[in-house]
Each structure stands twice: as C-alpha cells, then as structure tokens.
Amino acid sequence: MRAFSARPSYPLVMALTLYDTAARAKRPFEPADPERVTMYVCGPTVYDHAHIGNFRAAVVFDLLFRTLRRAYGPEAVIYARNFTDIDDKIIAASAASGEPIKALTDRYAAIYKAETAALNVLTPTVEPRATGHIEDMTALIDRLFAAGAAYAAEGHVLFSVSAFEGYGALSGADQEEIRAGARVDVAPYKRDATDFVLWKPSKAGEPGWPAPKAWGVDGEGRPGWHLECSAMIARVLGETIDIHGGGQDLRFPHHENECAQSACANGAPLARYWVHNGFLRMGAGKMSKSEGNVVLPRDLLQRWPGEALRWALLSAHYRQPLDWSDDLIAQSKRQLDKFYRLFLETPVEVNGAAPPAGVIEAIEDDLNTPAAFAALHDARDRAMASEGAERAQIAASLRAAGDLLGFFHSSAEDWFKGAPEEGGLSAEAIDARVKERAAARNAKDFARADAIRDELAAAGVVIEDGPDGATWRRG
Ligand code: AMP
Ligand code: ZN
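First, a word on what this report is: a plain description of the structure on this page.

About the thresholds
Residues numbered from 1 in each chain as written. Chains lettered and ligands numbered in written order. Predicted model: local features only at pLDDT ≥ 70, side-chain atom pairs only at ≥ 80, totals over all residues. Heavy atoms only, no water. Core = buried A, V, L, I, M, F, W, Y, C linked by side-chain atoms within 4.5 Å. Buried < 20%, exposed > 50% of the residue type's maximum accessible area, 1.4 Å probe, protein only. Helix = DSSP H or I, 4+ residues; strand = E, 2+ residues; numbered from the N terminus. Domains from an automatic or database assignment. Contact = heavy atoms within 4.5 Å. Pairing = 2+ DSSP bridges. Axes fitted to C-alpha atoms, helices over the stretch in contact; angles between N-to-C directions. Parallel < 35°, antiparallel > 145°, perpendicular 65-115°, else oblique. Left-handed = near helix turned anticlockwise from the far one by under 90°. Nonpolar A, V, L, I, M, F, W, Y, C, P; charged D, E, K, R; others polar.

## Here's the deal with the nonpolar core
Core analysis: the largest hydrophobic core is formed by 86 residues, its most contacted members being L68 and W324. For this core, the element with the highest residue contribution is helix 1 (residues 54-72), accounting for 12 residues. Looking at which domains feed residues into this core, each of domain 1 (17-286) and domain 2 (303-415) gives three or more. Once you skip the residues sitting within four places of it in the chain, L68 turns out to touch L16, F29, V37, M39, G73, V77 and I243. Core analysis: the second largest hydrophobic core is formed by 44 residues, A150, I233, C259 and A260 among them.

Below, the structure written as structure tokens:
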C-alpha cells in the first residue's frame, strides 16, 4: 500500500462554493482565518457496529477535509470529529452484555477508526470524546445560567428556548414542526414543551458526575447530547467555527439546539457555514437500524476493497439520496479496475503532478463528485488514446486526483490481487494453485501445468511467467 503522500505544492486556486443550509444557497467559501480553517462534524455514538449509511458523512466530510487541505495547506485545517461515549443507548448496551462502558466504547471507537481507515478516511485532526470534556460542559451550563437561558427542574437542567430569538432559523423548522418535535419528549417539568435537556439525573449504578451546587440540582447527573457538541467545539476549535457538518437529520433538533446554546453562552454564532449530507437508502427507505435494512462495513469489507465502497458512497452528489445495492458496489469496483489497469500498464510517480483541472473544478463546485468522476474518466480515455510521456503525464495527474479524492491508494499489483468478485477465487486459493502449477512444471508435467493455467484463466486470473517465477493478477 502506498502511504498518503505529503501534499505537493499546488497553486492556491480556490473557488470553493458550499451549499450552506442556514442560507439555503450555495455560497463562496471564505474562512475567517485562512491560516486556521476549522471544521466540526458530529461523530458516532459508540455502542455497536456502524452501518454503511453512517459512513456517508465520514466519507463526504473526509473529501471536504482533503479539499480544504489542498487549498489552505495540511497544517492550516483543523478538523474535529467527536465520539459520543456517554448516552442512554451505551448504558443499555453495557447493562445487557456486562461489558464495562469504558471497554465497550473504546472497542467500538477503535472499530470505527479501523473501518473508516479502510475507506481511505483520514484521521481527523482532533477526536474529542464527550467524557473527556465534562468540565467544559458544566462550565457551559454555568454560562447559560448566567445568561438567563437555563433553569433547574426536578433534577434536570433545561435550556429555555424563548431565550434565543433565532431559534428555528438554521433548520427552517416552523413553530408547528418545533412543537410536533417537542411532543415526542413531553415532560411535566418543562416550562415550555420546546425546552430541551442540558443535564439530566443519573440513576443509581449509571455513570454520573456531581452537579455544581449553584444549579440547585441534587445528586449526580450527566450532560445532554446537544450540549456535548457545543462544549467540545468551543474547547477544541473555538466559539465560532468555519464549517459545521453532519447528516441532514441532525439539522433539527440537534444542530438547532447546538446553535441556540452556543450563541446564548458565547454571544457569537456557532458556525459560519452549515453543511449536511443526504441519506443512504436501501429498498423502500432510509437505511436504519430500526427498519432492519442495514448493511455493515464490517461485512462488506470481507468482500470488497474499501475503495470500491468509497467510490459507491461518492457516486451521487452528497446532498442527494443514494440507493445502496450490491450492483452499485460491483459497478464501482469495475470503474476503479479501469484506472488501475492504466496504472498497471503505465507505472508513474505522482511527484509534483496536479489533478486534471476538470476534477478540481467539479469538487470546488459544492463537492460535485459525479462531475469529478466524469472528469476522471475523460482523463483516462485521453491516456488510453496516447502513449509515451504524454500518457505517463496523464496517469500521474490521475494519481494526484486520487490523493485529492481518496482513491488509488493501492499499488496496481495489490489492487488486482484484492478481494474477488462474488463467487471468485480468494488470493490464498490462487496462490495455492500457482504453486501447484510450478511444482507440475518442475516435474515436467506440462499437461497438468497448462490445465491449471486454463482453469485459472477461466476464473479470470492471468498468470505471467517471469525470471523470478510466476506472478498473477485478476484479468
Ligand atoms: P443513528 O444511528 O440513526 O443514530 O445515526 C447516527 C448518524 O448517522 C447520524 O448522524 C445520522 O445522520 C447518520 N445516518 C444514519 N442513518 C443514515 C443513512 N441511512 N444515511 C446517511 N446517514 C445516516
Ligand atoms: Zn453534534
């Protein structure tokens, strides 16, 4: 595997536009400080295996991270993605299995990191965990009390939505929608049905932290989910960040609530651009655990290279719904094969090459990946129609595009030895047959050696005899 290469020095062409949910329009992206570009994305709650729908945000915002790094330099971009490691679902999972909460959340966080890495998702600059920031959370609640935006009731601390005039502006949720949302979580102690929890009491045996005396709340408690993100953002990135991202379902109430708390506590807006990705669908609707139509990266990675899953996830524009199927993955794998076949025939060094202009233009236009993929194919067609230095130059520009988009991280040789398509021979099985063939040749049993070669050819495996023995690739 090739390591992710250090960014070559591209000219700082930057005409990035992003669709900003708050503005309901595409806007030219301009960071507050080009030497310190900040992005936060709400990360996973770690109590179980993620499904491939959960990975759409990880891959989309990885692409945005790479795009920003290319434009502002890798050191200038600070990307934070959190782990929610305290939550009712985590407590329930731990109680059900007997595995201590810390061990459970550490385990699933490690699995999430390993699986996203298999899709060439770069490690974010900072990965804060909620339980590492409880003091930041209690300090934020102190400030909300001081601002008159928080009140205590029956062991809870609540945010008073009437304290924030701009409530609803981000998501466009109207009063009726807000009230309908609030009916899901009615509680008699709320002054207004739309108020939401900042801190809630922990029952005996549940994890808890002492509440500051001044709040007038007895016993131990724990933070609400919305508050966690607001506190971690302020601590690791600052009070106003450039980009806040997440899945579109997070616009309301999660992001609306983050906005309200942070603005009331800091007297400054939380984010300058809000970016939301659409859903992955399978069958009749959204892929979700409760619908029972989930596919796990864990299982997919047994059968497919991570890059094929990444290609599939980026094959639709990030704001559009994407229908997931085995056929989509198989098609994605075949597209990647075409590029790797070019690299197999035209070995190149990326050094200094720039991606094709069409790829950059497409990505800078609100991450238009379908157009970027079309530009990749165009460049490949041009390479196939040319030869010599010209062909090598185009192949190098494609490798550079791969660094920008998160593809072509394998050597061409490794790629063609990768996971077989459904029903194909595994690499181990092929290695064994190739050894048998070598033994047959040594024993001068050429009929048998040829029979093995034909059998492998029928399975789509090409054997090439060289001075150091035979090698193979998937044809
Ligand atoms: P959940 O498991 O439903 O709590 O979702 C966790 C995160 O994954 C949220 O940020 C959602 O936005 C995201 N998510 C869940 N299901 C999908 C899906 N089918 N497509 C895209 N994102 C999803
Ligand atoms: Zn969040």
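## What to know about the sheet that holds strand 13 (residues 285-286)
Taking strand neighbours across the sheet as the criterion, the three strands line up as 13-12-14 in an open arrangement whose pairing is mixed. Lying at the two open borders of the sheet, with one neighbouring strand each, are strand 13 and strand 14 (322-323). Direction of pairing for strand 12 (residues 280-282) relative to strand 14: parallel, over a ladder of two bridges. Directly across from R281, in strand 14, lies its bridge partner D323.

## Here's the deal with the packing of helix 15 (residues 427-442) against helix 16 (residues 446-458)
In contact at an axis separation of 7 Å, helix 15 and helix 16 are set at 160° when each is read in the N-to-C sense. As judged from the angle between their axes, helix 15 and helix 16 are roughly antiparallel. Here the hand of the crossing between helix 15 and helix 16 comes out left-handed. For the pair helix 15 and helix 16, contact is made by I430, R433, V434, E436, R437, A440 and R441 and by F446, R448, A449, I452, R453, E455 and L456, respectively.

## A few points about the packing of helix 12 (residues 369-384) against helix 13 (residues 388-405)
Helix 13 packs onto helix 12 with a crossing angle of 160° between their chain directions and a minimal axis gap of 8 Å. In this view, helix 12 runs roughly antiparallel relative to helix 13, as classed from their interaxial angle. The handedness of the crossing between helix 12 and helix 13 is left-handed. Contacts from L376, A379, R380, R382, A383 and M384 of helix 12 reach helix 13 at R391, I394, L398, A401 and L405. Grouping the amino acids of the contact of helix 12 with helix 13 by side-chain chemistry returns eight nonpolar, no polar and three charged.

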